[in-house]
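# Coordinates in review
The lines below spell out each chain.
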Amino acid sequence: MTQREILTWERYGTAVRELAQSVADSGFVPDVVLAVARGGLIPAGSVAYALDCKNLFTMNVEFYTGVGTTLPAPQLLPPFLDLAELNDIGVLVVDDVADSGRTLELVVNVCRGHAAEVRSAVIYEKPRSLIAPDYVWRRTDLWINFPWSSEPVITSRSGVADA
């Protein structure tokens, strides 16, 4: 897997503003922006700022263990969100990429059991994604180098790059 999509910090700034603009243009006004950690943390904060939404939640999910390698299924990790906090509100779930779509699908489905309305936004969508996000900046079938995860880790806990 030598060819990659490279997202620089400068392009990221454009991407996240355009993604937030597409949410605003649709008329959806989320009460909460929910970040899918870890990859969705930075995009969710940026989208929340652009949409002037001060309520941010996080759902921790582990699925990828390396480039193209995954667990058998995405796993929710603690600390767990109190789902009652989502009752009867509009939630925008934000992640960096819908690759297989399994992580995004899990989070959206968990939220749908509580929230009045759930929509999803990603910077990138892959053609094989099981779920079609409501808002997408770009589509690609390449592995993506995000600016926040392209440099080697300072202290390795897993021994795996790009996870």
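The structure displayed is predicted, hence computed values, not measured ones. (Residues numbered from 1 in each chain as written. Predicted model: local features only at pLDDT ≥ 70, side-chain atom pairs only at ≥ 80, totals over all residues. Heavy atoms only, no water.)

Throughout the structure, instances matching the rule amount to 5 salt bridges. Glu5 is the partner of Arg11 in a salt bridge, and the nearest nitrogen-oxygen pair spans 3.4 Å. When its relative accessible area of 17% is taken as the criterion, Glu5 is described as buried. Measuring nitrogen to oxygen at the nearest pair gives 2.8 Å for the salt bridge that ties Glu117 to Arg119. Residue Glu117 is classed as partly exposed on the basis of its relative accessible area of 34%. The network of salt bridges with shared partners includes Asp99, Lys126 and Arg128. (Salt bridge = Lys/Arg side-chain N within 4 Å of Asp/Glu carboxyl O. Buried < 20%, exposed > 50% of the residue type's maximum accessible area, 1.4 Å probe, protein only.)

Here strand β5 (residues 90-98) lies mainly inside the structure; 9 of its 9 residues are buried. Of the strand pairs in this sheet, β5 and strand β6 (residues 117-125) are connected by 8 bridges, and their pairing is parallel. Within the sheet, the bridge partner assigned to Val94 lies in β6 and is Ala121. (Helix = DSSP H or I, 4+ residues; strand = E, 2+ residues; numbered from the N terminus. Pairing = 2+ DSSP bridges.)

The set of residues buried in helix α2 (residues 41-50) consists of Pro43, Ala44, Val47 and Ala48. Take α2 and look down its axis: the buried residues cluster within an arc of 130°, on one side only. Just past α2, the residue Asp52 takes up positive phi, approximately 55°. (Arc of directions from axis to C-beta.)

Counting through the fold element by element, Thr69 comes out in strand β4 (residues 69-77). For the pair Thr69 and Trp137, spaced 68 residues apart in sequence, the C-alpha to C-alpha distance is 24 Å.

Let us now look at the nonpolar core. The biggest cluster of nonpolar side chains holds 24 residues, and the ones touching the most others in it are Leu7, Leu92, Ile123, Tyr124 and Tyr135. Elements that contribute at least two residues to this core include exactly α1 (9-26), β2 (32-37), α2, β5, β6 and β7 (135-139). The element contributing the most residues to this core is α1, with 6 residues. Aside from chain neighbours lying at most four places away, what touches Ile123 is Leu7, Tyr12, Ala15, Leu19, Pro43, Asp95, Asp96, Val136, Trp137, Arg138 and Trp148. Formed by 20 residues, the second largest nonpolar core is a distinct cluster that contains Leu34, Val107, Val108 and Val122. (Core = buried A, V, L, I, M, F, W, Y, C linked by side-chain atoms within 4.5 Å. Contact = heavy atoms within 4.5 Å.)

Take the side chain of Asn145 next. With respect to the helices and strands, Asn145 occurs in strand β8 (residues 143-145). Leave out the neighbours within four places in its chain, and Asn145 touches Arg4, Glu5, Ile6, Leu7 and Ser150.

Inspection of the entire model under this criterion finds 6 aromatic pairs. Note on Trp9 and Tyr12: the rings are 5.8 Å apart at their centroids and 90° apart in plane angle, and the pair reads as edge-to-face. With Trp9 and Tyr12 both in helix α1 and 3 residues apart, the pair spans about one turn of that helix. Taking 5.4 Å as the distance between ring centres and 80° as the angle between the ring planes, the aromatic pair formed by Tyr12 and Trp148 counts as edge-to-face. Of this pair, Tyr12 sits in helix α1 while Trp148 sits in the segment after β8, and the two are 136 residues apart along the sequence. Look at Tyr12 and you get buried, because its relative accessible area is 6%. Joined through ring pairs, the aromatic side chains of Trp9, Tyr12, Tyr124, Trp137, Phe146 and Trp148 make up one cluster. A cation over a ring is seen here: Arg138 above Trp137, with NZ or CZ 4.1 Å from the ring centre. (Phe/Tyr/Trp six-rings, centres within 6.5 Å; stacked < 30°, edge-to-face > 60°. Lys NZ or Arg CZ within 6 Å of the ring centre and 35° of its normal.)

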